[in-house]
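Examining the three-dimensional arrangement
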Amino acid sequence: ENHAMELHCQSIVPLRASGDRGRHFEVLLRLRDPRTGQLMMPGEFMPAAERFHLVTRIDREVIGLTLDWLEANPQAAASVSTCCINLSGDALIDEGFIGFVAERLRRSSFPGDRLCFEVTETSAVRDLARAQRFITEMRALGCRFALDDFGTGFCSFNYVRALDVDFFKIDGSFVRDMDSSPLAEAVVRSINEIAHVLGKHSIAEHTESERDRQALIALGVDYAQGFGIDRPVPIADYFA
């Protein structure tokens, strides 16, 4: 109600030659505490939002804020190839959510095919049929999808085949441990190979160093995201 939420952005960059043109990034949420002015991370306020069933309101607010900013800054918007926005598991089962996105995109100068919604593996598997129906209807608006935190959930071949997503985001815990754990490296390699067999792209989260980046290149991973690439900054600074 107070519009105290602020958008930060972090790049997702190709690790090898690709046809990508323009900025590919994830929108990350922060909350400005109205009492102290402190900038709060999602881990500090999202559990309360989940407890009081407010996460879909936050999903709508983030989409609205993102599109508002891009519409107000057409030169920046023109430089975007893919803008990734996280969705809660509750959004997948909210009957009015698809209508909200459809109406908001209808009024927007920003094309739906440059939006990529990220859903976690565990939230998608919770109701697989409903998740796929949600993805199909959102795809009709041009939107794309990424399966976030991949590798931490059920990793079933059945749902991997069933879910029509564009990107598999390899969970950062495996990327972080690649250097010290042969198992973690094997998981990263396996997820990347599964993605390619299915015609999807892989994104390695928590790429923290140049060493990580080189290891991911050697494994053939498509994209990287993390402090080794850049740190999240306010959206206006990101495009400055």
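Placed above this text is the structure.
Structure report, in brief. (Residues numbered from 1 in each chain as written. Predicted model: local features only at pLDDT ≥ 70, side-chain atom pairs only at ≥ 80, totals over all residues. Heavy atoms only, no water.)

1. Here's the deal with the environment of Cys9
Quick reminder of the rule: Runs of H or I in DSSP of at least four residues are treated as helices and runs of E of at least two as strands, each being numbered from the N terminus. The contact rule is simple, with two residues in contact once any of their heavy atoms fall within 4.5 Å.
Structurally, Cys9 is set in strand β1 (residues 5–11). Considered as a pair, Cys9 and Phe25 are 16 residues apart in the sequence and their alpha carbons are 6.3 Å apart. When neighbours within four sequence positions are excluded, Cys9 is seen to be in contact with Phe25, Glu26, Arg231, Pro232, Val233, Ile235 and Tyr238.

2. Examining the pairing of strand β6 (residues 115–120)
Each regular strand carries side chains that alternate between the two faces of the sheet. Our working definition: Three labels apply to residues, based on accessible area from a 1.4 Å probe with only protein chains included: buried if under 20% of the type maximum, exposed if over 50%, partly exposed otherwise in between. Note on pairing: two strands pair once DSSP finds at least 2 bridges between them.
In terms of residue burial, β6 counts as a mostly covered element, since five of its six residues are buried. Note that strand β5 (residues 80–86) and β6 share four bridges and pair parallel. Note that in β6 the partner of Ile85 across the bridge is Phe117.

3. Description of the pairing of β5
The condition is simple: For a crossover, the right-handed case is the one in which the path from the first strand over the helix to the second runs clockwise, viewed with the strands pointing away from the viewer.
By the criterion of burial, β5 is predominantly enclosed, with six of the seven residues buried. In this sheet, β5 lies alongside strand β3 (residues 23–32) in parallel orientation, the contact comprising five bridges. Looking across to β5, one finds that Glu26 is bridged to Cys84. In this region the chain leaves β5, passes through helix α4 (residues 97–106) and returns to the parallel neighbour β6; the handedness of that crossover is right-handed.

4. Comments concerning the layout of surface pockets
In plain terms, the rule: Using a 1 Å grid laid over the protein atoms alone, points where a 1.4 Å probe fits but cannot get out form a cavity; open sets with protein on both sides within 12 Å along at least 5 of 7 lines form a pocket; any residue with an atom within 4 Å of a point counts as lining. Grid points are joined across faces, edges and corners, and a volume is the space filled by probe spheres set on the points.
Taken as a whole, the largest pocket encloses approximately 1100 Å³ of empty space. Lining the largest pocket are 38 residues, with Glu26, Leu28, Pro42, Asn86 and Asp148 positioned closest to its centre. Sorting elements by how many residues they give to the lining of the largest pocket places β3 first, with five residues. Of the voids in this model, the second largest pocket is the one considered here, and its volume is about 530 Å³. Lining the second largest pocket are 16 residues, and of these Glu1, Met5, Leu54, Arg57 and Ile58 sit closest to its centre. If you list the elements that add at least two residues to the lining of the second largest pocket, you get β3, α1 (42–51) and α2 (55–72).

5. Looking at the side chain of Asp212
To keep things clear, this is the line we draw: In this count, Lys and Arg are taken as positive residues and Asp and Glu as negative ones, while His and the chain termini are left out. Criterion for a salt bridge: a side-chain nitrogen of Lys or Arg within 4 Å of a carboxyl oxygen of Asp or Glu.
Along the chain, the position of Asp212 falls in helix α10 (residues 210–219). Salt bridges are absent for the buried Asp212, whose nearest opposite-charge side chain, Arg211, sits at 6.3 Å. Apart from the residues within four sequence positions on either side, Asp212 is in contact with Val175, Met178, His206 and Thr207.

6. Some thoughts on the packing of α2 against α4
The geometry of a pair of packed helices is captured by two quantities: the angle between their axes and the separation between those axes. Put simply, the rule reads: Only the contacting stretch of a helix is used when fitting its axis, a line to C-alpha atoms as for every element, and angles between N-to-C directions run 0 to 180 degrees. Reported orientations rely on four angle classes, namely roughly parallel under 35 degrees, roughly antiparallel over 145, roughly perpendicular from 65 to 115, and oblique for the rest. Note on residue categories: nonpolar means Ala, Val, Leu, Ile, Met, Phe, Trp, Tyr, Cys or Pro, charged means Asp, Glu, Lys or Arg, and polar means any other residue, Gly included.
Two elements in contact, α2 and α4, have axes separated by 11 Å at closest approach and are oriented at 10°. It follows that α2 is roughly parallel to α4 by the angle criterion. Touching Thr56, Asp59, Arg60, Ile63, Gly64, Leu67, Asp68 and Glu71 of α2 are Phe97, Phe100, Val101, Arg104 and Leu105, all from α4. A per-class count over the contact of α2 with α4 returns six nonpolar, two polar and five charged.

7. Topic: the environment of Glu1
Along the chain, Glu1 turns up in the segment before β1. For Glu1, a relative accessible area of 84% corresponds to the exposed category.

8. A closer look at the side chain of Arg104
Here Arg104 lies in helix α4. Beyond its immediate stretch of four places on either side in the chain, Arg104 contacts Gly64, Leu67, Asp68 and Glu71.

9. Overview of the nonpolar core
Quick reminder of the rule: Among the buried residues, those of types Ala, Val, Leu, Ile, Met, Phe, Trp, Tyr and Cys that are joined through side-chain atoms within 4.5 Å form a nonpolar core.
One finds Phe117, Leu147, Val188, Leu216 and Phe239 to be the most contacted residues of the largest nonpolar core, which totals 64 residues. Looking at this core element by element, the count peaks at seven residues for α2. Excluding its chain neighbours within four sequence positions, the residues that come into contact with Phe117 are Ile63, Ile85, Leu87, Val101, Met138, Cys143, Arg144, Phe145 and Ala146. Judged by nonpolar contacts, the second largest core, of seven residues, contains Ile12, Cys84, Ala146 and Phe167.

10. Some details on unusual backbone geometry
Of note, the phi angle at His53 is positive, near 55°, even though the residue is not glycine. Residue class for His53 comes out exposed when judged on its relative accessible area of 65%. If you check the backbone angles, Asp149 has positive phi at about 55° while not being a glycine. Its place among the elements puts Asp149 in strand β7 (residues 144–150). The exposure class assigned to Asp149 is partly exposed, which follows from its relative accessible area of 26%.

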